[in-house]
Amino acid sequence: MTECTSLQFVSPFAFEAMQKVDVVRLASLSDPELRLLLPCLVRMALCAPADQSQSWAQDKKLILRLLSGVEAVNSIVALLSVDFHALEQDASKEQQLRHKLGGGSGESILVSQLQHGLTLEFEHSDSPRRLRLVLSELLAIMNKVSESNGEFFFKSSELFESPVYLEEAADVLCILQAELPSLLPIVDVAEALLHVRNGAWFLCLLVANVPDSFNEVCRGLIKNGERQDEESLGGRRRTDALRFLCKMNPSQALKVRGMVVEECHLPGLGVALTLDHTKNEACEDGVSDLVCFVSGLLLGTNAKVRTWFGTFIRNGQQRKRETSSSVLWQMRRQLLLELMGILPTVRSTRIVEEADVDVEPNVSVYSGLKEEHVVKASALLRLYCALMGIAGLNTPEQEQLMVVWLSWMIKEEAYFESTSGVSASFGEMLLLVAMYFHSNQLSAIIDLVCSTLGMKIVIKPSSLSRMKTIFTQEIFTEQVVTAHAVRVPVTSNLSANITGFLPIHCIYQLLRSRSFTKHKVSIKDWIYRQLCETSTPLHPQLLPLIDVYINSILTPASKSNPEATNQPVTEQEILNIFQGVIGGDNIRLNQHFSITAQLLVLYYILSYEEALLANTKTLAAMQRKPKSYSSSLMDQIPIKFLIRQAQGLQQELGGLHSALLRLLATNYPHLCIVDDWICEEEITGTDALLRRMLLTNNAKNHSPKQLQEAFSAVPVSHTQVMQIIEHLTLLSASELIPYADVLISNMSQLLNSGVPRRILQTVNKLWMVLNTVMPRRLWVMTVNALQPSIKFVRQQKYTQNDLMIDPLIVLRCDQRVHRCPPLMDITLHMLNGYLLASKAYLSAHLKETAEQDRPSQNNTIGLVGQTDAPEVTREELKNALLAAQDSAAVQILLEICLPTEEEKANGINPDTLLRNVQSVITTSTPNKGIEEGEDNLLCNLREVQCLICCLLHQMYIADPNIAKLVHFQGYPCELLPLTVAGIPSMHICLDFIPELIAQPELEKQIFAIQLLSHLCIQYALPKSLSVARLAVNVMGTLLTVLTQAKRYAFFMPTLPCLVSFCRAFPPLYEDIMSLLIQIGQVCASDVATQTRDIDPIITRLQQIKEKPSGWSQICKDPSYKNGSRDTGSMDPDVQLCHCIESTVVEIINMSVTGI
């Protein structure tokens, strides 16, 4: 409203005096200022006040004294003397008439026909007519506003335009609104004044004379305002009017701005009020209110506000460049002034604009950005990005200038990084953006920008096409990117605590896009250096970096160029990482490389080997054979020790510990034995902590040399070695490692007679502790130490590879180990581990060599459709070898369970041992019998048998086919009581016994029935009953087809099994008795010449079957059992008949007296 610039407005001082009714301040106003407030002051002086206090009476006197010298007061007093009731009635009638005839009607009840113009009529009229003239004109404008449906119009009115009568017209307007508030609501009056010239001036005077209505008027004008005020004339006039109001009452300006944001109307007003506030409250160092306000709108959580203000910015950009009257232009200029005020420069600079500016400040000269300006600069940069991304603000800079600027930033990156002291710089971020552009990952760029700026910007990928061209073709070509990335220094002490975008992010993305291999740039050294420069907590990008690096080593970038791969880390570089951890007596972490670096290199090696095996076929098809790491390298790396270290750092290592466990379970199953994990829990638990509290200085002072001297004195005295090894049990696993060589090398001395059991058990305990940190090396040392000592024969030193190829070497130890339970426990532990290691070794070997002989074999076969036959055959051969290996180990272990000739001479055998177990459990009275049983049970053989049965149980559970293979091979029947009672998983044999009985070999059939007899006693289950009934039927069938010699060979060992069947399952009694009589009859028919010897037996069997109770006492008679019978006959049938009779008698005794 440029028409109001020459008019005098109410000052903030005067408005505040009116708000507070401060008479002293009002008295200090000049006559022109006081003239604007006369309507309100006159009404206060003349009207009856609601405040009857003495203080107001005094103030009222001062007001009357103040008004006494003003001539215009008389005209205002005359205006107040009019009959406003009649005036209101006439106004109401006129409104009704206008509504009836239409707003355009010239009829008026308030004002009769005018003889002259409105200005002359106003000049010549008295006070009542002046009121009617202004009221008629105002009502006409208000009616037109209500009928305009929001469309702005400009009403030309002489009454509000003549500069001579503006003050008188303002007096009339204020009096009318004050006296007729229901007819003239102040908000409607304010809305009508926007449509006339000088409306803002009239509005300010009206509000100044009714100061309590300020907020009401402002909210009404804002609520009725346009969403985009600078797009229309009405919006601009409304904005100007509100700005004048806020200049009159600056304390409420920010509150009005809040109304603007709340209603999402008049964004230009919000910016204009902020600009006014910024100029009034200038702050040199802090972030200006303009930056905070605009940033809050664009980066706030209210999407409606963000869209509303963003539209304002975009619409302002679409218009042609305007003069300083544009609010957007003023905002940009102010922001530019603030930016130039903090930017370092070498000369004084002036901001030149097209429009005239009152004052153009000079920019101070700095050699660099001041520290106190950093926050302000960051806020401005953040606002700039918000304006560019959200609001779509266009900048006048040229594209080429941006290219030059970015190139300069990259060139000076090292300087900025060294100056700021921050590891993560913008150079890595620009490099990462370039790599995303090269790989066309536009969504990743958008996410990167949003996360960096901390704002959600809606960016269409299609809008990045030009920027992609600039980055990929002018600034960061792919070759420039790869060459620059290699030169970027690694991040020192890289950990998760270092945030931001680092070189590792760039290298990872380049590896994924295979840029290094395309341009033949070696990245191996950079990755190796970065792995060495790591610490805890583990940075989350390290594991993905290793994975993608391994993939780039094994998989070429393209099929056309199979050699385009990265180089793997060399074995020497790997060994350098583990210096101090390998090759010495002490395992100590090298101070030069952290545990994180060592664990990451271990993860790299294991992942590399696994990926190499998984891609064998693909690599063979490409005729590529990447180098595998040697077994000697793997033997030198203390895998279990490192895994144990990682276990204590699980929280800091993230997913590295679980990833290493997965790789171990796949490639090194012998390092993941469940017993070892349980043992580790015991060693590292609370008990171990309590034991360490008992650790004395004497225990710490024992050296390996002293331990060796103590072992040398074992044949003479055991006291010293006992004391030292007891102290060693208080040490931790890593502290015990220096004693490993001495301890293991002297284990053979413990096999001599007279060594106390406590020493053996303590050595076993120490061995198990060492097994938690150095299992592979420990196993090799132990196997070599327990070899049998043969005079004049040099012992062979086995290696880890030898033992994985042939695990049975473990059992070729000194025979004395087989009767030394603590050392046998160690031997069985190693055997189990090497059996698992052998499986993994053979599987890996099969994958490595799967394609070597395929072409030659295919050519030899020469048949279509059999290309996969060699692989299938190799897999079958491997499985057969593993099955033979496992079964051989089981057979050797079962053979160890048999008593030696010396033990047999002492009366020890498996059957007596089993019976002694049962007698100890069931006998209750004879103490002597219990003592004898305990003596037999506490022998070394019994303990070794228990250890072996535990291992066999684990093997059977892990692979039931081993149990089936072993029992199809067979083993001494003397061991059946031991295996059935000592191996809980023997019940699985019930599944394959019918198949075993169906074998054509007589020996296997006999073994199956003997095995079944023991299983029926141990497991009296319905399934056992059905298999036992099958066995009885098979025996009846074989009776009819076997020859005399085979019949004797079959039934003599199997007839006693029928007693077990009857004991377990009494319902089989009838079938078994019938079978026995049938066998006896067949035998009698074959010896017709000896019927006189056989017939009495057959007769007795028939009688026994018919009346078993009558024969029970006779069968118990010793004279019957030991009576004179023809035992001199060597005829097989006669012996078989006597065996049948004994079997029947035993069954009868069992059935009559109970089991």
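Residues numbered from 1 in each chain as written. Predicted model: local features only at pLDDT ≥ 70, side-chain atom pairs only at ≥ 80, totals over all residues. Heavy atoms only, no water.

Undergrad: What exactly am I supposed to notice about the overall build of the chain here?
TA: The secondary structure content of the chain amounts to 65 helices and zero strands. Counting over 1155 residues, the chain shows a buried share of 48%. When contacts within the chain are restricted to residue pairs at least 6 apart in sequence, long-range pairs at least 24 apart make up 73% of them. Summing over all exposed atoms, the chain offers an accessible surface of approximately 55,300 Å²; the carbon and sulfur share of this is 53%. (Helix = DSSP H or I, 4+ residues; strand = E, 2+ residues; numbered from the N terminus. Buried < 20%, exposed > 50% of the residue type's maximum accessible area, 1.4 Å probe, protein only. Contact = heavy atoms within 4.5 Å. Areas by Shrake-Rupley, 256 points an atom, 1.4 Å probe, with all protein chains shown as cover.)

Undergrad: So what exactly am I meant to see when it comes to the packing of helix 16 (residues 267-280) against helix 17 (residues 289-299) here?
TA: Helix packing for two helices is described by the angle between their axes and how far apart those axes are. Contact pair helix 16 / helix 17: the axes reach a minimum separation of 9 Å and the direction vectors enclose 155°. Relative to helix 17, the element helix 16 is oriented roughly antiparallel. Counted together, Gly270, Val271, Thr274, Leu275, His277 and Thr278 of helix 16 and Asp289, Leu290 and Phe293 of helix 17 form the full contact between these two elements. In terms of residue class, the contact of helix 16 with helix 17 is built from four nonpolar, four polar and one charged. (Axes fitted to C-alpha atoms, helices over the stretch in contact; angles between N-to-C directions. Parallel < 35°, antiparallel > 145°, perpendicular 65-115°, else oblique. Nonpolar A, V, L, I, M, F, W, Y, C, P; charged D, E, K, R; others polar.)

Undergrad: Please explain unusual backbone geometry as it appears in this structure.
TA: Of all residues except glycine, most have a negative phi; of all peptide bonds, most are trans. Here Thr536 and Pro537 are connected by a cis peptide whose omega angle stands at -5°. For Pro537, the position within the fold is in the loop between helix 29 (524-532) and helix 30 (542-554). In the Ramachandran plot, Asn198 falls in the positive-phi region, its phi being about 60° despite a non-glycine side chain. Phi at Asn493 takes a positive value of approximately 50°, unusual for a residue other than glycine. Tracing the chain through its elements places Asn493 in the loop between helix 26 (478-487) and helix 27 (503-512).

Undergrad: Quick question: what am I supposed to make of the confidence of the model for the chain here?
TA: On average, residues of the chain score 79 in pLDDT, and 79% of them reach the 70 mark or higher. Confidence drops under pLDDT 50 across residues 855-869; counting only partners more than four residues distant or on other chains, this segment forms eight contacts. Counted against residues more than four places away or in other chains, residues 917-935, with its pLDDT under 50, gives eight contacts. (pLDDT = per-residue confidence, 0-100.)

Undergrad: Can you walk me through the nonpolar core in this structure?
TA: Here is a general trend for soluble globular proteins: nonpolar side chains tend to be buried in one another's company. Ranked by internal contacts, the top residues of the largest apolar core, which has 340 residues, are Leu245, Ile574, Tyr604, Leu893 and Phe1061. Considering every element that reaches this core, the biggest residue donor is helix 32 (residues 595-614), with 11 residues. Each residue touching Leu245, except ones within four places of it in the same chain, is listed here: Leu203, Cys204, Val207, Phe214, Val217, Cys218 and Leu221. (Core = buried A, V, L, I, M, F, W, Y, C linked by side-chain atoms within 4.5 Å.)

Undergrad: What is the right way to look at the packing of helix 4 (residues 38-46) against helix 5 (residues 54-67) in this model?
TA: Two elements in contact, helix 4 and helix 5, have axes whose closest approach is 9 Å; the angle formed by their N-to-C orientations is 130°. Regarding the angle of helix 4 to helix 5, the classification is oblique. Helix 5 is crossed by helix 4, and the crossing has left-handed handedness. Facing helix 4, whose interface residues are Leu38, Leu41, Val42, Met44 and Ala45, helix 5 presents Trp56, Lys60, Ile63, Leu64 and Leu67. (Left-handed = near helix turned anticlockwise from the far one by under 90°.)

Undergrad: Looking at this structure, I do not really get the packing of aromatic side chains. What am I missing?
TA: Note on aromatic pairs: each is described by the distance of the centres and the angle between the planes. For the structure on display, the rule yields 14 aromatic pairs. Measuring from centroid to centroid gives 5.1 Å for Phe160 and Phe202, while their planes differ by 85°, and the two rings are edge-to-face. Note that Phe160 is positioned in the loop between helix 9 (127-147) and helix 10 (166-179) and Phe202 in helix 12 (residues 199-209), a separation of 42 residues in sequence. With relative accessibility at 0%, the residue Phe160 sits in the buried group. Seen in terms of ring centroids, Tyr604 and Tyr629 are 6.1 Å apart; in terms of plane orientation they differ by 75°. Their pairing is edge-to-face. Here Tyr604 is found in helix 32, whereas its partner Tyr629 is found in the loop between helix 33 (616-621) and helix 34 (631-636), with 25 residues between them in sequence. Judged by relative accessible area, which is 9%, Tyr629 ranks as buried. Through pairs of rings, three or more aromatic residues link up here, namely Tyr549, Tyr604, Tyr608 and Tyr629. (Phe/Tyr/Trp six-rings, centres within 6.5 Å; stacked < 30°, edge-to-face > 60°.)

Undergrad: Sorry, what's going on with helix 10 here?
TA: Because an α-helix packs 3.6 residues into every turn, residues spaced three or four apart end up facing the same way. Given a rise of 1.5 Å per residue, 14 residues ought to cover 20 Å, and the 20 Å separating the end C-alpha atoms of helix 10 matches this to within 8%. Counting buried positions over the 14 residues of helix 10 gives 10, a clear majority of the element. Those residues of helix 10 lying buried are Leu166, Ala169, Ala170, Asp171, Val172, Leu173, Cys174, Ile175, Leu176 and Gln177. (Expected span 1.5 Å × (residues − 1).)

Undergrad: Help me understand the environment of Leu823 in this model?
TA: Within the secondary structure, Leu823 is located in helix 48 (residues 821-848). Leu823 sits 59 residues away from Asn764 along the chain, and the two C-alpha atoms are 6.7 Å apart. For Leu823, the residues in contact, after removing those within four places along its chain, are Met747, Leu751 and Val817.

Undergrad: Mind showing me how you'd approach a nonpolar patch on the surface here?
TA: Nonpolar side chains collect at one region of the surface, where Leu336, Leu339 and Leu343 lie side by side and expose about 200 Å² of accessible area between them. Tracing the chain through its elements places Leu336 in helix 19 (residues 327-342). Accessibility expressed as a relative area gives 34% for Leu336, which makes it partly exposed. (Patch = residues over 30% accessible without salt bridge, like charges linked within 9 Å, V, L, I, M, F, W, Y side chains within 5 Å. Salt bridge = Lys/Arg side-chain N within 4 Å of Asp/Glu carboxyl O.)

Undergrad: When you look at the pattern of salt bridges in this model, what are you seeing that I'm missing?
TA: Pairing of side chains with opposite charge becomes possible as their charged atoms draw close. Under the defined criterion, the tally for this structure stands at 26 salt bridges. Residues Arg35 and Asp171 are paired through a salt bridge, measuring 2.5 Å at the closest nitrogen-oxygen approach. Residue Arg35 is found in helix 3 (residues 31-35), and its partner Asp171 is found in helix 10; the two are separated by 136 residues along the sequence. Like Asp171, Arg35 is buried. The shortest N-O distance in the salt bridge between Lys878 and Glu875 comes to 3.2 Å. Of this pair, Lys878 and Glu875 both sit in helix 50 (residues 869-897), separated by three residues, roughly a single helical turn. What makes Lys878 buried here is its relative accessible area of 14%. Bridged by salt links that share partners, the residues Glu16, Lys20, Asp22 and Arg25 form one connected network.

Undergrad: Sorry, what's going on with the side chain of Glu338 here?
TA: Secondary-structure assignment places Glu338 in helix 19. Every residue in contact with Glu338, bar those within four places of it in the chain, is listed here: Thr278, Ser288, Leu290, Val291, Lys376 and Leu380.

Undergrad: Got a minute to help me understand the environment of Arg812 in this structure?
TA: Mapping Arg812 onto the fold places it in the loop between helix 47 (800-805) and helix 48. According to the relative accessible area criterion, Arg812 is partly exposed, its value standing at 45%. Excluding residues that lie within four positions of it along the chain, Arg812 makes contacts with Pro788 and Asp806. For Arg812, the side chain forms a polar contact with the side chain of Asp806, separated by 2.8 Å. (Polar contact = N/O pair within 3.5 Å; in protein donor to acceptor, adjacent residues only side chain to side chain.)

Undergrad: What am I meant to see in the environment of Ala496 here?
TA: With respect to the element layout, Ala496 can be found in the loop between helix 26 and helix 27. Residue classification places Ala496 among the partly exposed positions, given a relative accessible area of 33%. Each C-alpha atom, one on Ala496 and one on Leu538, is 5.5 Å from the other, the two residues being 42 residues apart in sequence. Ala496 has contacts with Pro537, Leu538, His539 and Pro540, leaving out every residue within four places of it along the chain.

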